[in-house]
Amino acid sequence: MGPLVLNTRPDTDSADLLAALDERGFRHLSAPMLKIAFPAPVQPLDMTVYQAVIFTSANGVRAFVKLTDDRSLPAYCVGDATARTCRAFGFGDVHSANGDIHDLAALIRKMVDPRCGSLFHPAARKTAGDLGQMLLADSYQIDRQTVYEARESSTLPQHVLEALRNHHIDAILFFSPRTAETFVKLVRSYKLERDLSKTSAICLSPAVQSKISDLTWHRTRVASQPTQEYLLSELGSLS
């Protein structure tokens, strides 16, 4: 049997990841650290006032399509998974930064003329970075609206709790700072601090790693680029 990996991503973001783990021969458990909630839309969006839409997550796409049927604008996406979600929902003009929010800001500076109008950013209530602030000095107008909420989990599934206490989990995957923060809170609430010494933490970025650095791990690894593909490549040392 292959190594046992714990997935901490929200259920809405996990299908591709779990399929990729299956393909690579890893066993896996899931303990979503965040639950995605999509509030009912108050009124339809008027997209005629924007020149483009920007997505920093696939959940932003899922929320957006609940608000409007308009898919005519160019979509600028933080990564390939978000871009694939855009295309699946009918967007035709899709661009991927294939990285993190800083790469997305660079892509927008390269491809979008700020004089041609504002950009719509459907986002969570809490985000890992402020894209509008990053682009403010370059005269971009970003209309960020909260269209979904990521709610922190307050418990661990019983079978995951037992696997951690029995040192059965070889690696835990962390994709966002908030996911990592939530995991650390739960580890402390369940008094699991001594149960991770044989487990590796695999992180999407240094910002994610910084949130779990106070725990005692067998080892921590950071993806060389902030994508799922590169994160999964760090699992090679386990097999």
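Refer to the structure above for everything that follows.
Now for a description of the structure that goes with this document. Numbering of residues begins from 1 in every chain and follows the order in which that chain's sequence is written. In view of the model being predicted, local features appear only for residues whose pLDDT reaches at least 70, and side-chain atom pairs are presented and counted only at 80 or more, with totals across whole chains, interfaces and linings using the full set of residues. Water and hydrogen atoms play no part in the side-chain values, which are based on all heavy atoms of the structure.

Let us look at the sheet that holds strand E11 (residues 219-222). By the convention used here, strands pair only if DSSP detects at least 2 bridges between them. Only DSSP runs of H or I covering at least 4 residues are called helices, and only runs of E covering at least 2 are called strands; the numbering of each starts at the N terminus. If you walk across this open sheet you meet the five strands as E2-E1-E9-E10-E11, and the pairing is parallel. Two strands lie at the open edges of the sheet, namely strand E2 (27-30) and E11, each paired on one side alone. Sheet twist, expressed as the average angle between the axes of neighbouring strands with direction ignored, equals 25°. Judged from the four bridges that link them, strand E9 (residues 171-174) and strand E10 (residues 200-203) form a sheet pairing that is parallel. Bridge assignment links Phe-174 to a residue of E10, and that residue is Cys-203. Each axis is a line fitted through C-alpha atoms, taken for helices only over the stretch in contact, and angles between the N-to-C directions span 0 to 180 degrees.

Let us now look at the sheet that holds strand E6 (residues 94-96). The sheet built from six strands is open, its strands ordered E3-E8-E7-E4-E5-E6 with mixed pairing. The strands lining the two open edges of the sheet, one partner per strand, are strand E3 (34-37) and E6. Direction aside, the axes of adjacent strands within the sheet are offset by 25° on average. Where strand E4 (residues 50-55) meets strand E5 (residues 75-77), three bridges bridge the pair, whose relative direction is parallel. Bridge assignment links Ile-54 to a residue of E5, and that residue is Tyr-76. Strands E4, E5, E6 and strand E7 (118-124) of the sheet are contacted by helix H4 (residues 101-111), whose axis makes an angle of about 145° with E5. Lying over the sheet, helix H7 (residues 177-189) contacts E3 and strand E8 (142-152), oriented at roughly 25° with respect to E8. Any two residues having at least one pair of non-hydrogen atoms within 4.5 Å are treated as being in contact.

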